[in-house]
Each structure stands twice: as C-alpha cells, then as structure tokens.
Amino acid sequence: MATKIVQVHQKYAWKWWQKFYFMSITAGLLVTLKHFLKSAILRRQVTVRYPEEKRPLSSRFRGLHRLKKDEEGRLRCTACYCCQWVCPADAIHIEAAAVTAEEQHLYREDKYPKVFQVDLLRCIFCGLCEEACPKGAIYLDGGIPMPDDSRDRLILNKEDMIESVGGKLIGERV
Amino acid sequence: MPSMVEIFVDGLKLQVDEKKNLIDALKEKGIHVPHFCYHPALEVVGMCRICLIEVGSVKIDPQTKEPARDDKGQVIVQWNPKFQAACNTPITAGMHIRVASEKVKKAREGVMEFLLINHPLDCPVCDKAGECSLQDYSFAVGNETTRYREVKRNIPQEKIGTNLLINHNRCILCYRCVRFDRDIVGIHDLEMQARGNDTVIAYTPPPGSRDTLLNHNYQGALADICPVGALLNENTLFRSRVWWYQQNQSICHGCSTLCRVTTNVKNNEIYRYMPPEEPEKNGFFICDKGRFSTTDFSRDRLLTYLIKGHGSKSRDVLPQLADLFHQAHSLLLVGGTTESCEDIDRILSLVQKWQAKGKQVNWEYRTQPYMWRGEWDKKVDFLLMVDQRPNSNYLRQKISGFTSQEKWQEALQEADLIIVINEFAAPYSYRIENYADIEKLYLFKLFEEKSLWSKTVLLNTHANAATAKALASLPIMVFPEKAGTYIDKEGVAKKSAQSLTPAQGLLSSGQILAKWNDYVEQDSLAYV
C-alpha cells in the first residue's frame, strides 16, 4: 500500500533582501534605543548602586524568611510542623517544646518551637511554607538573601528570623 | 452462635447479628456511624449523641393485622419523630433505620456544633491531631461555621496522672476514660465534677488512697481511647506528629502476654506502640509498661565487639573465643527467653552439634527467682504478667534445664565457659525502674558474688556495667530489628515484623553463635 506523504513543514524561503542582515540588526537596535531613551531621558535613571542602594521589591517578592509576632508581642508560630511537612526542599527543621508557666507571655499556645531553622542552602524560595502556615507566622518578606562565605551563617535560626513588628495577618499579603 | 436477623438500613436489606451493638453490626457491613462515647469494649452510655439515627417500624393495618401497603405494594414505615442514639438502640428483626438521611445529617451537624462550643480548635498544637475522632467527624459530618458568639470557657491544662495531662477545654465529656478506669482497670478514680457548662473530668482518689495523681499502668490507654485530645501522655508530648509514623504490625515484648501492637517508627526509632489493626480480634488495650518502653531500643546500644570491656573487631574477638571454646570442657548457656523461636532453634542445633563433639553443654533458661518459683501464669494486672520475657513458653517446651536452683548455681561455678544470651540487656525485662541500674539485678549480683565474669561471654543488645566486666561481649539485634516468631503464655505463635533497620553487620543471637561456630570449625581443621 502506497503511503501518501504530506510535507507539513516547509522550509522558509528567504527573500533576497532578507539575506542582508542590516534590516534585522537595525530593528533590534531600535528597540534598545527606545528603552535607552525611555529610562535615561524620561525617567532619568539607568542603574542603582546595589547593595548600598536597593530597588523597591514587589510585595509578592519571596525573599528571606521572617517569623512574625502578634500585636501583644507573642510569637505566632506554635510548632505545628506544617511548613516542615510541606517544604519540598526539606529546608526547615523544627523541634517543639511545651511552654512553661514563666514564658507564657511569649507564646500564644502551650507549644512553641524550641528550635526553628531554615537552611538557606536548601531553600528554593517557593513560598509553600507561607501558604501552609495556619497561624500566619512565617512570611518570605525579609528581602534578598545575602551571600556568605560560611555555611553555618546560611542556616537561619529562630532569633535571626523573629521580627518585632506585628506583621501581616493571614491572607493580608498582597 | 450468631442469630441473624433482617434489618432495613436506608431501604437496604441487611442480615446482621441480633446480639451485637448496632454500630458494630453496621460497621461490619461497611456502614460507618460516627461515634465518640461508644467503645466496643466499654459499657454503652449514649452521652455524645453524634450517632443519632432515625428508627421506624412497619405500620400494621388494624383490621387485617398485616403490614399496611401503599399503592405500589410497598410496606408503609412509620418513622419515630425523635432521633435515637445508634449505640443504645437494640437490634430487632425487621427494624427500619435511616443513617444517612438529610434529617439525620442535619441533626449530626447540630450535635457537632454543640460539641465544639467550648473546643478551642487548636489542632495545630494538639498531639491528637491526625488520629482524633473529633477532627475526623468534624470534617465528615460537621458544619464549618458556628453560631456561638459567647466567650469559650477556658480552664487551664492540668496534670492528673504521673504521665497524664488533661486539657479540659478539648474534652467533650464522653465518659470513656471514667468507664475504662472503672470497668477495665478496676480502679474508680476518675469522675465528673460540677455540672452543666462547668463539668470537668477530675481525679478522685479511691477511698483509702492518698495519691494525688493517677498512677496506674494504663495511662497510655486512657490517652488512646480519648476520642479528642483532652488526655495526653506527658512523655510523648510534642515529640512528633502522628502522620509521620511508619506503621508495622508487630508484638510487644514486654511480657509473656505478647500483645499485638502497631509500631510507630520515625527516623529508625520506635516512638510508641499503638493498639493493632482490627482491635476487635487483637485486643484494644496495651499497658504503659510496653507502650512507652520503645525508646530503649535505640538508647545505649552495644554496637561493637568488646573483649575485657574494650572495643575490638569481630575478626579479632571471634578467633580468641574459638580458642577458648576448644580449651573449655563444659559449657553453660544461660537465658535466651528474649530470643525468637528461629534463633532458639538455631542455638539448639548448635548445642546438639557441640554435644556430639564431646563437649558437656547445658542450657538453663531460668535466671530469675520468680522463674524458679514457677510463677509463669501469675499476673500483675489484667494484661501485664510477672513473667516479663516474651518467649519463655517456647524454651519451657524445648529444654528442661536443671532440677533445682542450687544445682544450677553449682554448674555456674563448675562450667569452663558461660554464654549469657541477652540476660543483662533486654530492655524492660527486669522489674527495675531504670534499666541502667543493672547492678541491682539478681543475676548481676550472683555473677559478682561468685566472680564468674572472667569466664563469661555475653551476647548483649545494650552496653552497660555487665558488658564492661565480662570476658567478651558480642553485640546482637533487639527484636524489632529482626522478624521472628514468639510463643505467648497460651501457646499461640505470634509473628513480629521487622520495624527497625539494624546497624550494618549486626547479627541476631543465633547468627552470631553460628559465626562463632564457623571459627571453631575452621580451627578444628587446623588442629587436625
């Protein structure tokens, strides 16, 4: 049985004037020129002096982890392990403990994270921990992570992440 | 003898056993009626009202005295206007019930809303989350909103047992713990106090007792039968979340009852035992002694070959022991009641081999005074036995041992080489509180007194004072690291699954003696 072969793809046939590349190069350079004029003349700004000077980040930017406190200054995290469980990179390590009578003003429930570590070397900044947290305790709103020459300093401890301000409530992140 | 009757559930005709509770009978047929206070092993009280069902009976025509039928020839069912609790409704032949009608669903939603009035909804903090009936049924039959606008009652958590905490806010007053203590354990020490909204479960010491805390051996079972997170065990508090555990069907080695259990394993460590699958067949309860003994399996393990208390390698130690074996004329094996049937069979075949070579080999499994008194069937409470060795029954069938304790002690003196099989290490096999207190042990004192250490080889799971003193100590597996069969006090063979991964190269007691024997046989070839 003879098979009828239909050639679906046909090679584009170049026109003679397209074989000179001046046309395309000019078109590309025009786009560059447009952007240059826009930023240099209209906005009067080309680069920022990072890291001394920082661009404002989008409110949805996912950066360093912050553990939030509530309005009364109590840590929101109750060591429910939801973030550790959901973390696809296995970057979070929590050890829970029971709150003693003396430190009850520091925590909201009777369970608190004795150890809360985020391994930045493992973290992929996907934001799933933020989404899983039932208490609105962890947010990735701490800015751009800085490089370091020591692995130890790239493991964030609880103290590194605690922010004294109240922070946003669940669902308030825009 | 089950007496089967016909009942109609949501229009479905089912054959069920009349003598059973309705909830159990329906569960067998695959219909799950939610319940909190009902427990198959406890008396029915009908307190929680979540198992509400509609019950109806067939309308009888007053003239003909026969079931009235409608136009289509179907019998007419008269439904009771009030709901009934399924746990408290006896099964009668021809009864009609509805377990999933709209009316029933609405009623359960209402009951759930009432039960959750004072519940703090702190599942992220609660240790019960994941195995909590309240959580499950709240998702299954509850409503996601509440109309309660008042302040929830807040009573602080308190300690009511040596290993038991009560969180009154989470309690739904199902009465299970009270019934369990009163009917199963036999100590009437939990009771409800106050009335109405203020009702709490409280510890009320039985008359004549001066205890301030509940201290019986079933506090783990109390936390386990609690359908919510109100009763919690202190020593497992916040250690893990329940959905992290790998589960294996195994047995508890705490005593010769050999309760079937589910092991909860995380990071190659058993966190606790839970009651087994199909508890109706395999037992609902396990005692605290077994349930919380599991941390011993990963603590203070002997993982190296010791000779005179110093670490060495198997290929250094075993040839030396093979030499000792050749020099020895009489051997005495001591213990072995903690080993599986497979290991015991292996050792027995070795013993026969050695006897055939002309060695005088004896094996005595009785190492504790209670064993010599023959207290094999004596109980501590309704589950725990005095005989806290898992496989003593099998050894009792297999070997006879010495006729009296004195003769055994003489034999200990006279033997050239003593091999002690896991007598100084098996966790919780001794009735001592802290098993690091190995020196208080009867056998340890006996070995000290008669200064037998210089001719003793230990097969031990744990490193302790005994392994430091003995001539040589060989590491062996603990029972969750190997699969095996054990014979319980009633002669029933029970299988224990492998739950933990052993350290690389670690052998069981039978295997390590076989390896020793390999060296012995190699050497005897050299002697020829």
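Residues numbered from 1 in each chain as written. Chains lettered and ligands numbered in written order. Predicted model: local features only at pLDDT ≥ 70, side-chain atom pairs only at ≥ 80, totals over all residues. Heavy atoms only, no water.

## Concerning the overall build of chain B
Step number 1: Secondary structure assignment for chain B yields 15 helices and 23 strands.
Step number 2: Along the first, second and third principal axes, the C-alpha atoms of chain B reach 105 × 55 × 45 Å.
Step number 3: For chain B, the proportion of its 528 residues judged to be buried stands at 55%.
Step number 4: Within chain B, counting contacts between residues at least 6 apart in sequence, those at least 24 apart form 68% of the total. (Helix = DSSP H or I, 4+ residues; strand = E, 2+ residues; numbered from the N terminus. Buried < 20%, exposed > 50% of the residue type's maximum accessible area, 1.4 Å probe, protein only. Contact = heavy atoms within 4.5 Å.)

## What to know about the confidence of the model for chain B
Step number 1: Across chain B, the average pLDDT comes to 89, with 97% of residues at 70 or higher.
Step number 2: This stretch, residues 428-432 of chain B, has a pLDDT under 50; its non-local contacts, to residues over four places away or in other chains, come to 26 contacts. (pLDDT = per-residue confidence, 0-100.)

## As for the layout of surface pockets
All names here are of chain B.
Step number 1: Taken as a whole, the largest pocket holds about 970 Å³ of empty space.
Step number 2: In terms of lining residues, the largest pocket is bounded by 34 residues, among which Glu131, Ser133, Arg176, Asp224 and Pro279 are the most central.
Step number 3: Of all the elements in the fold, those that place two or more residues in the lining of the largest pocket are α1 (22-28), α3 (133-140), α5 (219-225), β12 (246-251), β13 (260-266), β14 (269-274) and α6 (279-282).
Step number 4: Of the residues in the lining of the largest pocket, the class split is 15 nonpolar, nine polar and 10 charged.
Step number 5: Each of domain 1 (4-112) and domain 2 (120-129 + 153-293) contributes no fewer than three residues to the lining of the largest pocket. (1 Å grid on protein atoms, 1.4 Å probe; cavity = no way out; pocket = protein on both sides within 12 Å on 5 of 7 lines; lining within 4 Å. Points joined across faces, edges and corners; volume = space filled by probe spheres on them. Nonpolar A, V, L, I, M, F, W, Y, C, P; charged D, E, K, R; others polar. Domains from an automatic or database assignment.)

## Structural notes on the pattern of salt bridges
All names here are of chain B.
Step number 1: Counted under the stated rule, the structure contains 31 salt bridges over all chains.
Step number 2: Here glutamate 269 and arginine 239 are joined by a salt bridge, their closest N and O atoms 3.5 Å apart. Residue glutamate 269 is located in strand β14, and its partner arginine 239 is located in the loop between β11 (231-233) and β12; the two are separated by 30 residues in the primary sequence.
Step number 3: Overall, the relative accessible area of 30% leaves arginine 239 in the partly exposed class.
Step number 4: Between lysine 378 and glutamate 375 there is a salt bridge; the shortest N-O distance is 3.7 Å.
Step number 5: For lysine 378, a relative accessible area of 44% gives the class partly exposed.
Step number 6: Here glutamate 375 falls in the buried class, since its relative accessible area comes to 18%. (Salt bridge = Lys/Arg side-chain N within 4 Å of Asp/Glu carboxyl O.)

## Quick look at the sheet that holds strand β8 (residues 164-166) of chain B
All names here are of chain B.
Step number 1: Strand order in this open sheet of three strands is β7-β8-β11, and the pairing throughout is antiparallel. Where the open sheet ends on each side, the last strands, each with one partner, are β7 (158-161) and β11. In this sheet, neighbouring strand axes are inclined to one another by 40° on average, regardless of whether the strands run parallel or antiparallel.
Step number 2: As defined by bridge partners, β7 adjoins β8 across three bridges and the pair is classed as antiparallel. Among the inter-strand pairings, lysine 159 is bridged to a residue of β8, identified as leucine 165. (Pairing = 2+ DSSP bridges. Axes fitted to C-alpha atoms, helices over the stretch in contact; angles between N-to-C directions.)

## Some remarks on empty space enclosed by the protein
Residues and elements named next belong to chain B.
Step number 1: A full pass over the atoms with the stated rule returns seven cavities of 30 Å³ or more.
Step number 2: What the largest cavity holds in volume is close to 260 Å³.
Step number 3: Around the largest cavity, the lining comprises 21 residues; the ones closest to its centre are Asp127, Glu131, Asn233, Thr236 and Arg272.
Step number 4: Split into classes, the residues belonging to the lining of the largest cavity amount to nine nonpolar, four polar and eight charged.

## Some points on the interface of chain B and chain A
How big an interface is tends to be stated in terms of the accessible area lost upon association of its parts.
Step number 1: Contacts between chain B and chain A engage 10 residues on the former and 14 residues on the latter.
Step number 2: Between chain B and chain A, roughly 1,000 Å² of surface is buried when both sides are summed, and carbon and sulfur atoms account for 65% of that area.
Step number 3: Taken together, chain B and chain A are joined by zero salt bridges.
Step number 4: Seen at the junction of chain B and chain A, the total is one residue pair in polar contact (both at pLDDT 80 or more).
Step number 5: Broken down by class, the residue content of the side of chain B that touches chain A amounts to six nonpolar, two polar and two charged. (Buried area = accessible area lost by both parts, 1.4 Å probe. Polar contact = N/O pair within 3.5 Å; in protein donor to acceptor, adjacent residues only side chain to side chain.)

## Topic: the nonpolar core
All names here are of chain B.
Step number 1: Counting 61 residues, the largest nonpolar core has Phe36 and Phe180 as its most contacted members.
Step number 2: When contributions to this core are tallied by element, the ones reaching two or more residues are α2 (102-115), α3, β8, α4 (176-185), β10 (200-203), α5, β13 and β14.
Step number 3: Grouped together as the second largest cluster of nonpolar side chains are 42 residues, Phe325, Trp363, Leu395 and Leu507 included. (Core = buried A, V, L, I, M, F, W, Y, C linked by side-chain atoms within 4.5 Å.)

## Considering the sheet that holds β13(B)
All names here are of chain B.
Step number 1: Taken in spatial order, the three strands of this open sheet run β12-β13-β14, and their pairing is antiparallel. Pairing within the sheet leaves two strands with one partner each, and these edge strands are β12 and β14. Direction aside, the axes of adjacent strands within the sheet are offset by 35° on average.

## What about the packing of aromatic side chains?
Step number 1: Here the structure, examined in full by the defined rule, presents 20 aromatic pairs over all chains.
Step number 2: A centroid spacing of 4.6 Å and a plane angle of 80° characterise the contact between A:Tyr81 and B:Trp244, whose relative ring orientation is edge-to-face. On the criterion of chain membership, the pair formed by A:Tyr81 in the loop between β1 (66-67) and α2 (82-86) and B:Trp244 in the loop between β11 and β12 is interchain, its members lying in two chains.
Step number 3: By relative accessible area, which is 4% here, A:Tyr81 ends up buried.
Step number 4: Geometry around B:Phe83 places B:Lys103 over its ring, the cationic atom sitting 5.5 Å from the centre.
Step number 5: The ring of B:Phe325 carries the charged tip of B:Lys359 above its face, separated from the ring centre by 5.0 Å. (Phe/Tyr/Trp six-rings, centres within 6.5 Å; stacked < 30°, edge-to-face > 60°. Lys NZ or Arg CZ within 6 Å of the ring centre and 35° of its normal.)

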